[in-house]
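The lines below spell out each chain.
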Amino acid sequence: MNEKQPANWHDLKGQSITGITVDTRLDELTIHTIKFKLTCHHVQDCCETVGLVRIDGDFLLLHGAEILLAEDDAGAQDPAWYKQDYDESHTWTKLSLYTSKGDVHFWFLGQSNGYYGEDIRFYKQ
C-alpha cells in the first residue's frame, strides 16, 4: 500500500507499534505498525491553525506494544493544563492509545474565526 488511503484512528486497534514519529514542523503524527503506517494531520484551508500542543505519556516506550484501544475524542473538553487565550473558535482533539506497555495521549488544538475547519484527518499507507 503506497498511496495514502483515508483511514480512521480506530484502525490502529490490535496492531503492534514499530515506531511513532512526531514532525513538529508539520504538526504531523505518524504511528508505524507491522501492517501499515497511519498519519494524522490537518489539511490547511486558509486562516486556521491546528497543531500538536502536548503529548502525555512516553511514546518511545511503546515500541513492540499491541494497541488494545485507540480513542479519538474530537471536541474534547478544554484541558485544565492549558492556560492561554483562544481565538474566536477552538477545537481540542485528543488521540489516545492504550497499549500492553502503557498509554499515550496526543493533544491537538485547532483555532480559527469559526469559519474554517479545525479537524484532524487520518491517512493510511
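Our subject is the structure that appears above.
Residues numbered from 1 in each chain as written. Predicted model: local features only at pLDDT ≥ 70, side-chain atom pairs only at ≥ 80, totals over all residues. Heavy atoms only, no water.

## Examining the state of the cysteines
Alright, step 1. Evaluated as defined, the whole model comprises one disulfide.
Alright, step 2. Across a sulfur-sulfur distance of 2.5 Å, C46 and C47 are joined as a disulfide pair. (Disulfide = S-S within 2.5 Å.)

## Quick notes on the pattern of salt bridges
Alright, step 1. One pass over the structure, following the stated rule, counts four salt bridges.
Alright, step 2. Ionic pairing is found between D56 and R54, a salt bridge with its closest N-O pair at 2.6 Å.
Alright, step 3. Across the salt bridge formed by D119 and R121, the nearest N and O atoms sit 3.4 Å from each other.
Alright, step 4. By relative accessible area, D119 is classed as partly exposed at 33%.
Alright, step 5. Residue classification places R121 among the partly exposed residues on the basis of a relative accessible area of 37%. (Salt bridge = Lys/Arg side-chain N within 4 Å of Asp/Glu carboxyl O. Buried < 20%, exposed > 50% of the residue type's maximum accessible area, 1.4 Å probe, protein only.)

## Some words on the packing of aromatic side chains
Alright, step 1. Considering all chains together, one arrives at eight aromatic pairs under this definition.
Alright, step 2. Aromatic pair W9 and F122: ring centres 5.9 Å apart, planes at 40°, arrangement tilted. With a gap of 113 residues between them, W9 in the loop between β1 (5-6) and β2 (17-23) and F122 in strand β9 (residues 121-124) connect regions that are remote in the sequence.
Alright, step 3. Exposure remark for W9: the relative accessible area of 0% places this residue in the buried category.
Alright, step 4. Owing to a relative accessible area of 11%, F122 belongs among the buried residues under this scheme.
Alright, step 5. Their ring planes at 80° and their centres at 5.0 Å tell us that Y82 and W92 sit as a pair that is edge-to-face. (Phe/Tyr/Trp six-rings, centres within 6.5 Å; stacked < 30°, edge-to-face > 60°. Helix = DSSP H or I, 4+ residues; strand = E, 2+ residues; numbered from the N terminus.)

Such coordinate-based values are descriptive only and should not be taken to indicate function.
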